Amino acid sequence: AHDTFWDFASLMPESMHMLTWVMSDRAIPRSLRMIEGFGIHTFRFINEAGKSTFVKFHWRPVLGAQSVLWDEAVKINGADPDFHRRDLWEAIDSGDFPEFEFAIQAFDQKTADSFDFDILDPTKLIPEEVVPLEVIGKMVLNRNPDNFFAETEQAAFHPGHVVPGIDFSNDPLLQGRLFSYTDTQLSRLGGANFHEIPINRPRCPMHNFQRDGIHRMDVPKGRDNYEPNSIAPDGPRESPARGFASFPTQDTDSDDKLRQRPASFADHYSQARMFFRSQSEPEQRHMISAFAFELGMVQTMAIRTRMLGHLMLIDPALGKAVEQAMGMEGKADKITPAMAPHDMKPSPALSLLKKAKPTLQGRKIGVLVSDGIDGAIVDQLRKAVEKAGAKLMVIAPKIGGVKTKQGHLAADHALSAGPSILFDAVVLCLSEAGAKQLANEAGAKDWLANAFNHLKIIGFTREAMPLFKAANVDAAADEGMVGFDGKSGIDGFINTAKQQRIWAREPKLRSPG
């Protein structure tokens, strides 16, 4: 299966832009609450005067977009396959409702004509620096489903189901989807009338002449199921003024209509190049590693060398770095593109790290504790973490918790069920005896080593040194290692933790490949 995917992709250069996204950090999100979403299609807004404006739709998380590292993602999936659903459910259940701003990129035909790419090509995007995003609304996920199947599995999304004021463009992929999504829902939900399943019913009154058939939910009265009719003057009627009407465009193309891609879609590399060059240095390293990892599992040498040829066209620096990471220097095929790529101005908005703001809002901090600690430190840490908008989770050697100097401290996770991969930053609040005991536990050493190797900020009390030594982690390695002197130092940890990760640590730990 690995060879067949990359064989297909390597023979479809249209996929190169998408592949750079898939191989980037965006493909391994920190949480469903921290994902940016945008439509690849171009729609139209139609105002009351009948004027058309092209539009692209975007969702932006208020918490900001964030990713995890590849090694971290693999281990998270092993530790908790339901991690993302659990994370979303728990946030909503606790009242930390995820919010997403709804934004648009709106532009007219003149602006569309000024681009050096076709806006109807779904493999292209419009940089935010060229057409800024305008926020026009917000979605708040303020409750969990009462029944997952009824409210989630049966939801029937469809790009053709639009409200007045929205119309479609001639984007060929969109035009195909307007048909295929109906067919999909008919098959997936067992037949006609899927729009009457409660989760899919419109919130505003909707009247039509549809009658009978499988899964019919309504009980229509009367015998007037057609128009025009004189039997029921007060029944549903078509409304030319308020109903859906396509924007009247004139087709000035004198060429024949063919089942092939237009010449305006032929530039397959320029936007992929822009995406790669827009990333920060750590993000570029991750893309190089991702390509080297994936192509390294391809068995057919011709597919590998063909893909390396495509990467050279995207950016020679990318292609050569992947070659080096794979030990295949000079093996890339020479590929002649349908249209020579050109350099586009980088778009910093495409980088997760370049636009990331220091924050702990919506994040989770894990604190590893042991018997004999000063519980007041944990209390003070919890208050500081919650003040920053995050949550503190207590991890103890056993789920029963620990005995502090003040009494009993309950645990949220046992060490075996609460690995550091589940948290955005960690703290080791240990007694001297507890640290010596944990230094003999492989799980505790992995807990600390993983946090360090995943570039996380690590806070610690000075009594934790035996565990650092056992885990072979330097407590003074960089600014991400924050020691507590009693109750002080917590503010420094919070401020440092808002950086999310210490990216300068990564080149010292691993090379691409």
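See the structure shown above.
Let me sum up the structure you'll find in this document. Within each chain, residues carry numbers counting from 1 in the order of the written sequence. Two thresholds apply to this predicted model, a pLDDT of at least 70 for residue-level local features and 80 or more for giving and counting side-chain atom pairs, whereas whole-chain, interface and lining totals are computed over all residues. The basis for the side-chain values is all heavy atoms of the structure; hydrogens and waters are excluded.

With that settled, the discussion passes to helix α4 (residues 83–93). Phe 83, Asp 87, Leu 88, Ala 91 and Ile 92 are the residues of α4 that are buried. Taken down its axis, α4 places every buried residue within 160° of arc, on the same side. Whether two residues are in contact is decided by their heavy atoms: any pair within 4.5 Å suffices. Here a helix means four or more residues in a row that DSSP labels H or I, a strand means two or more in a row labelled E, and each is numbered from the N terminus. Here the buried face of α4 lies against α3 (70–79) and β7 (364–369). Relative accessibility decides the category of a residue: with a 1.4 Å probe and only protein chains considered, values under 20% of the type maximum give buried, values over 50% give exposed, and everything between is partly exposed. Along the arc lie the directions from the helix axis toward the C-beta atoms.

How two helices pack is summed up by the angle between their axes together with the distance between the axes. In this description, a line fitted to the C-alpha atoms serves as the axis of each element, helices being fitted only across the stretch in contact, and the angle between N-to-C directions of two axes falls anywhere from 0 to 180 degrees. At a minimum axis separation of 9 Å, helix α9 (residues 281–296) and helix α11 (residues 316–326) run at an interaxial angle of 50°. What the angle tells us is that α9 and α11 run oblique. The handedness of the crossing between α9 and α11 is right-handed. Only Leu 318, Ala 321, Val 322, Ala 325 and Met 326 of α11 make contact with α9, whose side of the interface consists of Ile 288, Phe 291, Ala 292, Leu 295 and Gly 296. Oblique is the label for any angle not under 35 degrees, not over 145, and not in the 65 to 115 range, which are roughly parallel, roughly antiparallel and roughly perpendicular in turn. We call a crossing left-handed when the near helix sits turned anticlockwise from the far one by less than a right angle, and right-handed when that turn is clockwise.

This part takes up empty space enclosed by the protein. Here a cavity means grid points, on a 1 Å grid over the protein atoms only, where a 1.4 Å probe fits yet cannot get out; a pocket means an open set of points with protein on both sides within 12 Å along at least five of seven lines; lining residues are those with an atom within 4 Å of a point. Grid points are joined across faces, edges and corners, and a volume is the space filled by probe spheres set on the points. This model, assessed by the stated rule, comprises four cavities of 30 Å³ or more. Taken together, 18 residues form the lining of the largest cavity, with Phe 38, His 58, Arg 60, Leu 125 and Leu 350 sitting closest to its centre. Tallying contributions element by element places strand β3 (residues 52–61) first for the lining of the largest cavity, with three residues. Each residue belonging to the lining of the largest cavity can be placed in one class, and the counts come to eight nonpolar, four polar and six charged. Space inside the second largest cavity adds up to approximately 70 Å³. Looking at the second largest cavity, the residues that line it are Arg 30, Gln 66, Val 68, Glu 72, Ile 421, Leu 422, Phe 423, Asp 424, Lys 456, Gln 500 and Arg 501. Each residue receives one of three labels: charged for Asp, Glu, Lys and Arg, nonpolar for Ala, Val, Leu, Ile, Met, Phe, Trp, Tyr, Cys and Pro, and polar for the others, Gly being one of them. Tallied by class, residues from the lining of the second largest cavity come to four nonpolar, two polar and five charged.

This part takes up the sheet that holds β7. Ordered by their spatial adjacency, six strands build an open sheet running β11-β8-β7-β12-β13-β14, and the pairing between neighbours is parallel. Strand pairing shows two members of the sheet lacking a second neighbour, β11 (413–414) and β14 (481–484), which therefore form its edges. Pairing between two strands requires that DSSP report at least two bridges joining them. Looking at chain direction, strand β13 (residues 458–461) and β14 are connected through four bridges and run parallel. If you follow Phe 460 over to β14, its bridge partner there is Gly 483. With respect to the sheet, helix α14 (residues 442–453) is in contact with β7, β8 (391–396), β12 (425–429), β13 and β14, its orientation differing from that of β12 by roughly 145°.

This part takes up a nonpolar patch on the surface. On the surface, a nonpolar cluster with roughly 380 Å² of combined accessible area is contributed by Trp 70, Val 74, Phe 293 and Met 297. Structurally, the position occupied by Met 297 is in the loop between α9 and α10 (301–314). Residue Met 297 is classed as partly exposed on the basis of its relative accessible area of 38%. Patch definition: residues with relative accessible area over 30% and no salt bridge; like charges joined within 9 Å; nonpolar side chains (Val, Leu, Ile, Met, Phe, Trp, Tyr) joined within 5 Å. Note on areas: these come from Shrake-Rupley sampling with a 1.4 Å probe, and a residue is covered only by the protein chains present in the view. Criterion for a salt bridge: a side-chain nitrogen of Lys or Arg within 4 Å of a carboxyl oxygen of Asp or Glu.

Under the definition given, this model contains 31 salt bridges. The partner of Arg 273 in a salt bridge is Asp 343, with the nearest N and O atoms 2.8 Å apart. Pair noted here: Arg 273 is in helix α8 (residues 270–278) and Asp 343 is in the loop between α11 and β7, with a separation of 70 residues, a long-range link. The exposure class of Arg 273 is buried, given its relative accessible area of 11%. By sharing partners, the salt bridges in this structure join Arg 30, Arg 33, Asp 87, Glu 90, Lys 364 and Asp 424 into a single network.

Here the focus is the nonpolar core. Definition of nonpolar core: a set of buried residues of the types Ala, Val, Leu, Ile, Met, Phe, Trp, Tyr and Cys, connected through side-chain atoms within 4.5 Å. Counting 32 residues, the largest nonpolar core has Trp 6, Phe 291, Leu 295, Met 307, Leu 311, Leu 318 and Val 322 as its most contacted members. At the level of secondary structure, the elements contributing two or more residues to this core comprise α1 (2–10), α2 (16–22), α8, α9, α10 and α11. Residues contacting Leu 295, with those up to four places away along its chain left out, are Trp 6, Arg 304, Met 307, Leu 311, Val 322 and Met 326.

On to the packing of aromatic side chains, then. Pairing of aromatic side chains here covers Phe, Tyr and the six-membered ring of Trp, requires ring centres within 6.5 Å, and sorts the geometry by plane angle: under 30 degrees stacked, over 60 edge-to-face, intermediate tilted. In the structure shown here, the tally under the stated rule is 15 aromatic pairs. Relative to Phe 293, the ring of Trp 70 has its centre 5.3 Å away and its plane inclined at 55°; by these criteria the two rings are tilted. Linking Trp 70 in helix α3 with Phe 293 in helix α9, this pair joins segments that are 223 residues apart in sequence. Owing to a relative accessible area of 35%, Phe 293 belongs among the partly exposed residues under this scheme. Aromatic rings pair up to connect Phe 43, Phe 45, Phe 57, Trp 59, Phe 102 and Phe 168 into one cluster. Stacked on the ring of Phe 148, the Lys or Arg Arg 85 has its end atom at 5.3 Å from the ring centre. Either the NZ atom of lysine or the CZ atom of arginine qualifies as a charge over a ring when it sits within 6 Å of the ring centre and within 35 degrees of the ring normal.

Function cannot be read off these values alone, since they describe shape.
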